[in-house]
Structures are given as C-alpha cells and as structure tokens.
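One-letter residues, chain by chain:
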Amino acid sequence: MKIIITLASISLLSLNGLSIQSANLEKAKLLSFNRDSTTINEKEIKDLLLKDEIAEKEKRYDELLKIRIRLLELAEDEYGPSEEIIAYLNLGIARVYRLKGLYKKAEFHYKKAISILNNIYGANHIQLGSAINSLGLILFDQGLFSDAEFQYKESLRIKEKFYGGESPKLVNTLSNLGLTYRELYLLDNAEMIYLRCLDILQKAKIFKGKEVSQVLLNLGAVYYDKRHTPGKEDQYLSLAESYMKKALEIDMELYGENNLATVNTLENLAVLYIKTNRVDLAESYLLKTLEVRENLLNSSHPLLSRTYNNLGLVYEAKNQVDKSEAMYKKSLDIAQKTYGENHIFTANSRSNLATFYLENNSLQKSTDLFRRNVINISTIIQKEAPLMPLDKRPVFIQRFSHNFDIIYSFTTKGKLPPSLALYARLNRQGILQDIERNQAMLIKGESQKILIQLNETIKLISSLQKDSKEWTEAYVLKEKLEQKLYRSIPGYSPRTVEVMEVANVMPRDSLLIEFQAYYDLIEDKNGIEVPLEKGYLVILLKPNGDVSAIDLGKADVIDAKIKKAILTTNEYLNDADRQWKELSKLILDPIAKELEGVETVFISPDSELNLIPFAALTTPKTNKYLSEVYNLRLLTTGRELLDLMSKSNTSETESLVIANPDFTFELEPSSQLVAGEIRLRSKKLSSRRWGELPYTENEGLAVSKIINGKLLMQKEATEDTVKRKKSPKVLHIASHSFYLNSQESDEHPLIRSGIVLAGANQVDTKSDDDGLLTALEVSKINWQGTEIVVISGCESGKGEIFSGEGVYGLKRAITVAGARANLLSLWKVNDNATADFMESFYIRLREGKGRAKALAETQKEFRNHSNPAYRLPYVWAAFQLSGDWRPIDW
C-alpha cells in the first residue's frame, strides 16, 4: 500500500547544465563590454567571467553563485537596477539557486528579471517568454502547480506568437506544462500535450535529441499513472516501459551514464520495475541514480529525497527493514527541508514512512505521521484547488484518495485509532464546496465582469458539439477565464479542524455519525496493488470527545439495498417500508449501543448513502422511525457544525414564493444583466416541453400567506426575478426541477440539474432569461443570510455523487450560494400531496418550531394521515432537510 514517488523529467534547464553559459551569460558579456563605461573594472569582469565558466564546468555551484552575485553587484553599480544586463544576471543567479534546491531565492531573482524585461520589451517579447517559463519551473519545484500552469501558458502564448504553433522551440514549455498537468492529475491533458510535442518534433524531422528524450520519458510517466484505468493496467504499463526505454537509449547516446538526465530516466524505469516486481533491476538503477546525484549535487538536494524514497520501497520489498526505514527517513528529512511541509512530494514521502511503520506495528509513529499528512494534504488542496477551473478540482483531489483510504482501511482493521479517521474526514469531506462558497462571496467589481465573460463562454460551450473545433476553442477560453477570475479575488486561507473543536459545539446527549466510503488496497503475490470492493466505515463522535469506528462491511450489499428501496418507493409498492427497515439493520443496527441515551443525531453521509431518506429508517431493535426517537440533523460533515453554531446575520429581506410558472410565456429580451448572469441551459433540454402545474398555485398562495412572502406566479415567475432577489429570508419555489444523469449528458453536473421557470418552453427566445435556472447559475446567486431554500419540485435533491463531496446538483449549489438550509425532494411526488405537505410544514415553521422539528412533525402527521396515499414513504419521506435545523427568527 505504498505511494511510489515517480520522478518525471524535471526540465531541460535543470538536468543539462545552466543554459546561461550558452545564451544569457554571453548576452551579459556583450552588454558589459559594449556600453560606454567610466567606472566598471573590466579586468575584474573578465576574471569573473573566466572563473564562472570554470566553476560551472566543474560543477562548483557555491563558488559559481558567489561569482554571479559579484557580477550583479558590479553591473548594478555601473548601470543601475533596471537595465537589460541586470535582468540576465538575475536569471543566471536564479538558475544556480535552483540547481542548489534553494527555490524561494531562485523565485525572487526570476521575478526581478521578468519585471525588468517586461518594462524594457513589453508583454509579448520572446525574452520575456523564456524568463516566464523559468519562473514556472521554480513554482513547479515548490509544488505551486496552478501558479506554474499559469506561467507556462503565458510563456506558451508569447512563444506561439513569436515562433508559430509548430515550432520545436515550443517543446520545452509544452513539456513543462504537461508535467504540471500530471501533478494536477489531469492525465488526459498531459497526454495530449506530449503527443502534440511528438508531432511537432516529427514534423521538424527531429527524431533524437534532448527534447525527444524528455517528451518520451514524460509520456511514459503519464501512461504509468494511467495504469489504474479499469481493464488497461497491462496496456499502460507496457506503453510506459516502451517510451521510457526509448528515452533511455537517447540519453545514453547523448550524455552517457553519468549524467543527471540519464539517471532521471533510470529512476523512472526503476519505479516501474518496483511496481512490476523486478526489484533487483530497480535497485541497480536506483543505486546508479544515487551515485550520480550524490556526485553532482549537494547532499541535501531534493532530487536525492526522491531516490532515497524509492530505495526505501525496494528494500521493503526485499524485507530489509532497517535499510528501508533509513531510506524513508532520509527522504522525508530532505523533503521537509527543501520542499517544505505543504508539498505533494513531502506528503507522499511521509505517507510511505507512515505506512512502513504501520506494517511493522510501530503504530504510534504511524499515527503521528498520518495525522501530520492530513494537515499537509488538506492545506495543499486548499492552496491549489481555488486557482483551478471548477471541473478540474474533483479530478485533482482524486490523487489524494489513496492517502485517505489507507487511514480508513487500517482503522477498520484496528491498527489506526478512530480519532485519526475522524480527523481525516473532518478535513477532507466537502472541502471543495467550502472553497466554492467562500470564493462566491468574494466576486465583486472587476471580478464580476470576468464572471460575465465566463458565463457567456459556458453558454456557448453548451450549444456546441463536444470535441468540435469550436467547442475546443471555447473550452480553452473557459479555462483561461476561470483562472483569471479566481486570481482576481483574494486568496483562500487554508484551515484545519480539530476533533475537539467539533465536539465542543455539539449539544449534550448528541452523537455525530460520519459515514465514510473507502477502498481497501492490498498487494497480490506479484506486489501489484489490487483494489478490493468498496466498503463503508461509520465514525462516531460524542460531545466529550470520545471517538469510535465500526466497519459496516462491503458496500455492494448496502448500495444494492438502497437502490431497491428507492425503486420500490418510487413505484408506490407496499414493500417500500420493509426495504428501508432492512437497510436500517445494515447501517444502524451495528451502532445500536452508541445510540443509547442519545437525543440528537447529526448524520453526515457519503457516496450512495446520500440517496437515503434518513427519516424513513428505523432505530435499532424498534419499529420506530429515526425522526420519532431522535432529533435528526443532516450535515455535509461535522465541520459544518462550527459554521452553523456561529452567529450569523439573518436576512431582513422579504421572503419570496414562486409558483405555477407560465412555461409558454415569451420573455422579453433583457435590458440589462445582473453581474455574472447569463443563460446556461443544457443543450440536451432544448427539445423538452414542460407541462403546466396549476396545483402549485394553491401551494404558492398558502405558503406566501403563512410566511408573509411576496408571491410571483405565471409570467412573473421568472428566472431573472429569482436571480435579482438578493438574500430573501425564505425562498420557496413550487415548480418542475430536473436532473440529467451522466448517460443522458456529459456536461458539467451543475448544468444538468436545475429549476424550470416561466418561458422555459420558448427555446428560441432572444432573452437572456431562458426559463431554466441551472444549479450552476444558482451557485452564483447571493443568498447569504437566507434561512432556507425550499425547492418543491420532483427530484430537486438529485445530482451526481462524488465521494468526499456529496451531491453535485441543486443541494450543493444552494449551499455554495450561502443559504443556511435547504429542503429538497429525493424523488417524484404527487402535486396535491406536496402542496398539503408544504402548507403543514410552514405552519409549524411559522409557529417558531425548528426547521428539523417542523419537518419531523409534518412527516409524522402524514404517516398517520386520513388519506391512505399520504401514508406511503413515497410522500412523507420524499423531502429531506440539510443544514441549519433551528427555528427561523421571523
């Protein structure tokens, strides 16, 4: 269960010497001797330049750094701080710092050089493009991958403008961009980049050379990472080995065996050989890598950290425990000193050492390391994800799933404490939702103008054929605009949450129940990791801080029961109640003892458990429903309690009720747009026609009267009205809702779900209000302070499930928009029953009862209703409340 640290080609600049000698230093020489000078000491300059060449050739980097710093001092004295020669000398110093692994100092000098070149040449000069590429390298080294991606794209823009789109001079920057995509786990993007590189080189008839070697190696590393694709492990491992071997042949021919580029390729092959159980060959390659790096680099260079880590894997595979531990510890020590704590490599290195201690029963050491890793990974996600396009964020965090699965898996085996599993979940579950919610609050001023452009582009994409030239161009523009948008707002401040912070805000006699899906990973007889069937773990927290965990077993049984229970409920079968009771036995009976004496239950589901109407479950050893025995509260995770328990400003804006929209109403063209708003309709809904909902008129009249809200119906029930109403105290919408599953549409899940409003059947409308309020549009509305949003429409609670992030649909969008609670339906419900249910719910809410209590009492009323049809779970269990459960301050 190790995380093998693969090492793709770092960059041409770092592995093949300091290119300053062939370009920048020569430039500096020419500039230094072709300027009129009255004070510069030409003899000292010539002396220093000669020493520079010798020190570089002999790889005496400490001396080389001193020489270049002295050259810079002399040049600044002569020319001042803003001349071209100063920029090139800063680049030379930066490259030496990078080779020494002193990345922050290198970054300072790169930025100084870029500022000077930008002032001299402007934003489109080729020299600036090269310098920006170098800055990207340094940001990449520091684990700032989104920042590096931004710089590489800017460098590529300049180079493409100067050289055209087919020049081999693009390959270095393209290859670096591919490396960044690989680290962000955007493997398809990385593969496309490297295939483009190969195409450029082949058209230029370049079949050997350092660029070819680098691209082949990096493409092989991408295929190695893609080995987890179901059914394609052997295929991708074979491709990876083939490309890496071709790279090695070129390296040996160009450089010989004692070169940094050559051993970099050797190490990549060694990693592959570890995975395919060829550990003797892997060991020989890694020892050669270590020999060369120790000879050419300083003893604390970060590249050595990677080699020590991989040797640790080899020795562990050979059962040489002491040697393995020593290598892992060396690796982590160097990584912490050079990369810092919050770097992906440091996290992976620590995870390997933690797993080593775990498997050798040093459980306390293991626990301490895993806990530290949770902090690091959470910080990395919160640092990188805010700068990424929304649809790339879930892909990026997948790369860390293994780190968390190890913790959950070994918790079920009793080797790691439950408190660690809870700590991991509290700092991972729903983390992207929190980021989006915080960012949505910060989009103002100039950022709103970018948002309008972005939404116009998303609208265009939704109307185009996927993978067409026009679609691809629009998609690239969308990603550029997203990156520009998220860089235009204040940075996101990472936070971690302690278990006791949550325990301290829990009411007395309450219990937090966190359900966690996990995948157990083991190795087969050949040392290859084999994913076992998914499992469910339940983690329990009491107000005194006591944490326990119980393995619920394989998920296939539980998931199948959920599917069957939902099916029988939707088909109004009498068997539905029994199905939910059987599910209760699977997920609640195992925690019967922990539920004793509890009054309030906080439930945070995961994976398919998000589909469960928890009010329909029964308590262990009784026939009573969960909501009859306990105060039932649903949360994204226990971390949410910290925000819900804090005081917040409630909205003083009038409540808004939307009902019985006129779907055939032809909307007028919008006179102006709300900042950031544009129609974002799924192209798959263009031909759908929505039936009228006359029964919702009575619902709207009743609800608006109870809550004293403004009622809008028919042609007034528009999407534009909902968007423009800032933070209503309560928002109730009685209309159709929709969700297209991934088989019906491959668009973003927040475009595939939403609410149907006036004018929705006028597909060819010229208005920017098209009658479909998608979840993506909802997420951009300001509902800060809104107490509850109720979408009284069929299946308004449906969406795409992402383990660790909940349901991507209206539920998520409403939370991101800032509302404190939402009430949504899990399936289709009869219009009359829905109207009666909502009226009863709001009467109790207006009486001052808590949101959860009002729902529970309404559900109980309907279970005992005089109308037999209302007694079915299909009616009373359809609506589920998430978020704040307390009374509304009317």
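To be clear, the structure that these remarks concern was listed above.
Residues numbered from 1 in each chain as written. Predicted model: local features only at pLDDT ≥ 70, side-chain atom pairs only at ≥ 80, totals over all residues. Heavy atoms only, no water.

Caption draft 1: Fine view of the sheet that holds strand 8 (residues 730-734). The strand order across the open sheet built from six strands is 7-6-8-12-15-16, with neighbouring strands paired in mixed fashion. Bordering the open sheet on either side are strand 7 (710-714) and strand 16 (879-883), each of which pairs with just one other strand. Within this sheet the neighbouring strands show an average axis-to-axis angle of 10 degrees, counted without direction. As paired strands, strand 6 (residues 656-661) and strand 8 are joined by four bridges and run parallel to one another. Residue pairing in the sheet places Ile658 in a bridge with Ile733 of strand 8. (Pairing = 2+ DSSP bridges. Helix = DSSP H or I, 4+ residues; strand = E, 2+ residues; numbered from the N terminus. Axes fitted to C-alpha atoms, helices over the stretch in contact; angles between N-to-C directions.)

Caption draft 2: Geometry of the pairing of strand 12 (residues 788-791). Burial along strand 12 is two-sided: the residues Ile788 and Val790 and Val789 and Ile791 are all buried. Where strand 8 and strand 12 come together, four bridges link them in parallel fashion. Residue pairing across strands places Ile733 opposite Ile791, the latter belonging to strand 12. Looking at chain direction, strand 12 and strand 15 (residues 821-825) are connected through three bridges and run parallel. Each residue of the ladder has a partner; that of Ile791, found in strand 15, is Leu824. (Buried < 20%, exposed > 50% of the residue type's maximum accessible area, 1.4 Å probe, protein only.)

Caption draft 3: Structural view of helix 23 (residues 446-462). With 17 residues, helix 23 should reach 24 Å at 1.5 Å per residue; the first-to-last C-alpha distance of 25 Å fits that figure. Looking at helix 23, one finds that the buried residues are Ser447, Ile450, Leu451, Leu454, Asn455, Thr457, Ile458, Ile461 and Ser462. Here the buried residues of helix 23 occupy an arc of 160 degrees about the axis, which is enough to place them on one side. At its buried positions, helix 23 is contacted by helix 24 (469-487) and helix 33 (775-778). (Expected span 1.5 Å × (residues − 1). Arc of directions from axis to C-beta. Contact = heavy atoms within 4.5 Å.)

Caption draft 4: Focus on unusual backbone geometry. The residue Tyr185 is not glycine, and still its phi comes out positive at about 65 degrees. Tracing the sequence through the fold places Tyr185 in the loop between helix 9 (171-183) and helix 10 (187-203). Despite not being glycine, Asn708 shows a phi value in the positive range, around 55 degrees. Residue position: Asn708 is located in the loop between helix 31 (695-707) and strand 7.

Caption draft 5: Broad picture of the packing of helix 11 (residues 210-225) against helix 13 (residues 260-275). Between helix 11 and helix 13, whose axes approach to 11 Å, the crossing angle comes to 20 degrees. In terms of their interaxial angle, helix 11 and helix 13 are classed as roughly parallel. The handedness of the crossing between helix 11 and helix 13 is left-handed. Taken together, the residues of helix 13 that come into contact with helix 11 (itself represented by Leu217, Ala221 and Tyr224) are Asn264, Thr265, Asn268, Val271, Leu272 and Lys275. (Parallel < 35°, antiparallel > 145°, perpendicular 65-115°, else oblique. Left-handed = near helix turned anticlockwise from the far one by under 90°.)

Caption draft 6: Inspection of the environment of Lys811 at higher detail. Within the fold, Lys811 resides in helix 34 (residues 810-817). Counting along the chain gives 591 residues from Lys811 to Gly220, while the straight-line C-alpha distance between them is 41 Å. Once you skip the residues sitting within four places of it in the chain, Lys811 turns out to touch Asn610, Asn822, Leu824 and Ser882.

Caption draft 7: Structural context of the packing of aromatic side chains. With the rule as written, the count across this model stands at 21 aromatic pairs. Seen from their ring centres, Phe396 and Phe400 are 5.4 Å apart, and the 90 degrees between their planes marks the pair as edge-to-face. According to the relative accessible area criterion, Phe396 is buried, its value standing at 0%. Taking relative accessible area as the criterion, Phe400 reaches 2% and is therefore assigned buried. The ring of Phe400 has Arg399 lying over it, and the distance from NZ or CZ to the ring centre is 5.8 Å. Positioned over the ring face of Tyr475 is Lys478, at 4.9 Å from the centre of the ring. (Phe/Tyr/Trp six-rings, centres within 6.5 Å; stacked < 30°, edge-to-face > 60°. Lys NZ or Arg CZ within 6 Å of the ring centre and 35° of its normal.)

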